[in-house]
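Descriptive analysis of the structure
One letter stands for each residue in the lines below.
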Amino acid sequence: LLGEDGSAAPTVFAEMSALAARTGAINLGQGFPDEDGPAEVLEAARQAIAAGANQYPPGRGIPDLRAAIAEHQERFYGLRLDPETEVLVTAGATEALAAVILALVDSPDDEIVVFEPYYDEYAACVALAGARLVTVPLRWPDFQPDPAELRRAVTDRTRLILVNDPHNPTGAVFARDVLDLVVELAERHDAIIVTDEVYEHLVFDGPHTPLATLPGAAARTLSISSGGKTFSTTGWKIGWVTGPADLVEAVLTVKQYLTYVGGAPFQPAIAAGLRLPDGFFTGIAATMRAKSRILGEGLRAAGFAVSRPAGSYFTVADAAPLGVEDAASFCRTLPARAGVVAIPLTAFATPERQDEYRTLVRFAACKRVDVLEEAAARLSRAQ
Ligand code: PMP
Ligand code: GLN
């Protein structure tokens, strides 16, 4: 986690957003939207502040938000949860992931299986917990795991299998047989499944299938999500974890010493968001799908080979057809050459697998259509 001089190394997102700000380039690096989400949700936060929701909320989250999360899980997925014991509100999915990993890892021999490339926090938290990271590669262009490699990765040493679906950074949505295999292996080796479903409502050909809905999964699965992506409120940091009461209790034990509580006025606002009509949720999926297609077309026109994401904010493009050998140096000079910021896929990979992803670049599509079109035009001109 340290830079070469011993100082704290910034995350790739902080580094790339600073580069965008410095150069005035279009930021297709860090995934955050450039438009506000639903007016009702923003208004609910204003009203909560005016009504005095400005002190510490309860440790598990306000009852109304826990109820709204339980209602949401039942409405969309048929999962029935007790909001008193099986739902915990956290400071974003980020804290949920950290608290889950710190709570459930017991020894330095514990292994945590993740798919690679992975959201950067996973490897960092596994390191903070003093456990071992075991990765299963996802390969261009469809980024589905090889079942044999997944089988080899999960053993009796596996404590957690961490599944991010839809997947950042690849935009993949895992095939049903992959999810089935995760459950089978978790049962065989008595591992706990942890899901990161922050892009659950950004599946292009939905509906999303939470791993916890698979036969046998709920009793050993902690599901994590967040309001940030669904309601375009990434700065609010309201997340949650749901699952069996004993596991949620263990996570609470750690969570209370990380942030204690957070986001008092944003909690009722996210509760209001979770209760929006179905049309809102299908609408954001359709909009994201359209933006993702526009970005993909633009990248193709600029000479990249482009993967076909099935969900999330992200599209992976291969810069090899442009003669690029190293996407990291390509991305470092892209702001100056083309006025666009993007992130090399190697930023999401272990040192051992850098070569697999050498020429691949992650672009974020969660921007206005005119911004995406301008970025594509700039990339075309720069070739
Ligand atoms: N997991 C994934 C896969 C993400 O992309 C993000 C978004 N940055 C997070 C977790 C963190 O979510 P939050 O902003 O709610 O902490
Ligand atoms: N989820 C966003 C991304 O992957 C932002 C993450 C962050 O800034 N920590 O780009």
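Residues numbered from 1 in each chain as written. Chains lettered and ligands numbered in written order. Predicted model: local features only at pLDDT ≥ 70, side-chain atom pairs only at ≥ 80, totals over all residues.

1. Structural notes on the site of ligand 1
Taken together, 13 residues surround ligand 1, and among them Gly 92, Ala 93, Thr 94, Asn 168 and Ser 226 come closest. If you tally residues by element for the shell around ligand 1, the top one is helix H4 (residues 92-104), at 3 residues. Looking at the shell around ligand 1, its residues break down into 3 nonpolar, 8 polar and 2 charged. (Near = placed C-beta within 6 Å. Helix = DSSP H or I, 4+ residues; strand = E, 2+ residues; numbered from the N terminus. Nonpolar A, V, L, I, M, F, W, Y, C, P; charged D, E, K, R; others polar.)

2. Some words on the sheet that holds strand E13 (residues 360-364)
What the 4 strands build is an open sheet, ordered E9-E10-E13-E12; its pairing is antiparallel. On the outer flanks of this sheet lie strand E9 (305-306) and strand E12 (343-344), each paired with one strand and no other. The sheet contact formed by E12 and E13 spans 2 bridges and is antiparallel. Across the sheet, Ile 343 pairs through a bridge with Arg 362, a residue of E13. Most of the contacts of helix H11 (residues 278-301) go to strand E10 (residues 314-318), to which it runs at about 15°, and overall it touches E9, E10 and E13. (Pairing = 2+ DSSP bridges. Contact = placed C-beta atoms within 7 Å. Axes fitted to C-alpha atoms, helices over the stretch in contact; angles between N-to-C directions.)

3. Details of the domain arrangement of the protein chain
Entries for the protein chain in the domain assignment read domain 1 (12-30 + 279-382) and domain 2 (39-274). For domain 1 versus domain 2, the distance between C-alpha centres works out to 25 Å. Residue assignment for the side of domain 1 that touches domain 2 shows that the elements contributing at least two residues are H11, E10 and E13. Among the elements that take part in the side of domain 1 that touches domain 2, H11 stands out by supplying 6 residues, more than any other. (Domains from an automatic or database assignment.)

4. A word on the pairing of strand E6 (residues 192-196)
Burial runs high along E6: 5 of the 5 residues are buried. Across the two faces of E6 the burial is the same, with Ile 192, Val 194 and Asp 196 and Ile 193 and Thr 195 all buried. For the segment spanning strand E5 (residues 158-164), helix H7 (residues 176-189) and E6, crossover handedness is right-handed. (Buried ≥ 20, exposed ≤ 12 C-beta atoms within 10 Å, placed from the backbone. Right-handed = clockwise from strand over helix to strand, strands pointing away.)

5. With respect to the environment of Glu 95
Along the chain, the position of Glu 95 falls in helix H4. Along the backbone, Glu 95 and Ala 336 are 241 residues apart, and their C-alpha atoms lie at a distance of 35 Å. With residues near it in sequence (within four places) discarded, Glu 95 still touches Thr 90, Gly 239, Lys 255, Leu 258 and Thr 259.

6. Details of H7
Taking 1.5 Å as the rise per residue, H7 with 14 residues should run 20 Å; its terminal C-alpha atoms sit 20 Å apart, in good agreement. Along H7, the residues classified as buried are Val 178, Leu 179, Val 182, Leu 185 and Ala 186. Projected down its long axis, H7 shows its buried positions confined to an angular sector of 125°, all on one face. Projecting away from the buried face of H7 at angles above 90 degrees are the exposed residues Arg 176 and Asp 177. Against helix H6 (147-153), E5 and E6 lie the buried residues of H7. Note on H7: the residue one or two positions beyond its end, Asp 190, has a positive phi of about 50°. (Expected span 1.5 Å × (residues − 1). Arc of directions from axis to C-beta.)

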